[in-house]
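Architecture and fold: a report
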Amino acid sequence: MPQGPKTIRCLVSGLVQGVSFRYWTRQTATRLGLSGWVRNLSDGRVEVLAQGAEEATQSLRQALRDGPPMSQVQAVECFKEPNSEEFNGFVIRR
């Protein structure tokens, strides 16, 4: 029986703003076939909401630990979320 999409919310801390983290996340998520969004938080973290195949969400979770070359990721906290809405593509939210 096929399973529906999985949704995860991740909070990434460290040097993750001002280093193209959101653009890198959008590119990585799109390559993995995920939909959702990424945004900067006022406390310096980046928040990611991603929806898609479980294997793809796990791959994104792992990639977030590394981040783009200029970032310095200190922690990644991810949580499963209910599939309350469906997204069309992966966007950067302001």
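Predicted, not measured: the structure shown is a model, and the values here were computed from it.

Let us look at the UniProt feature "active site" (unreviewed entry) in the chain. Under the UniProt annotation, the feature "active site" (unreviewed entry) is placed at Arg22 and Asn40. In terms of the greatest pairwise C-alpha distance, the residues named above, spread along 19 residues, form a tight cluster of at most 7.7 Å across. Here Arg22 lies in helix α1 (residues 21-31). Overall, the relative accessible area of 15% leaves Arg22 in the buried class. Discounting residues that sit within four places of it in the chain, Arg22 has contacts with Val38, Arg39, Asn40, Ile92, Arg93 and Arg94. With respect to the element layout, Asn40 can be found in strand β2 (residues 35-40). Asn40 gets classed as partly exposed once you look at its relative accessible area, which sits at 28%. With near-sequence residues (within four places) excluded, Asn40 lies in contact with Gln17, Arg22, Arg45 and Val46.

Let's shift gears to the state of the cysteines. Under the criterion given, the structure shown has one disulfide. In this model Cys10 forms its disulfide with Cys78; the gap between the sulfur atoms is 2.1 Å. An S-S torsion of about 110° defines the bridge between Cys10 and Cys78 as right-handed. Taken as a pair, Cys10 in strand β1 (residues 6-15) and Cys78 in strand β4 (residues 72-81) lie far apart in primary sequence, 68 residues in all.

The rules behind these values
Residues numbered from 1 in each chain as written. Predicted model: local features only at pLDDT ≥ 70, side-chain atom pairs only at ≥ 80, totals over all residues. Heavy atoms only, no water. UniProt positions renumbered as here; feature names shortened; annotations may be inferred. Helix = DSSP H or I, 4+ residues; strand = E, 2+ residues; numbered from the N terminus. Buried < 20%, exposed > 50% of the residue type's maximum accessible area, 1.4 Å probe, protein only. Contact = heavy atoms within 4.5 Å. Disulfide = S-S within 2.5 Å.

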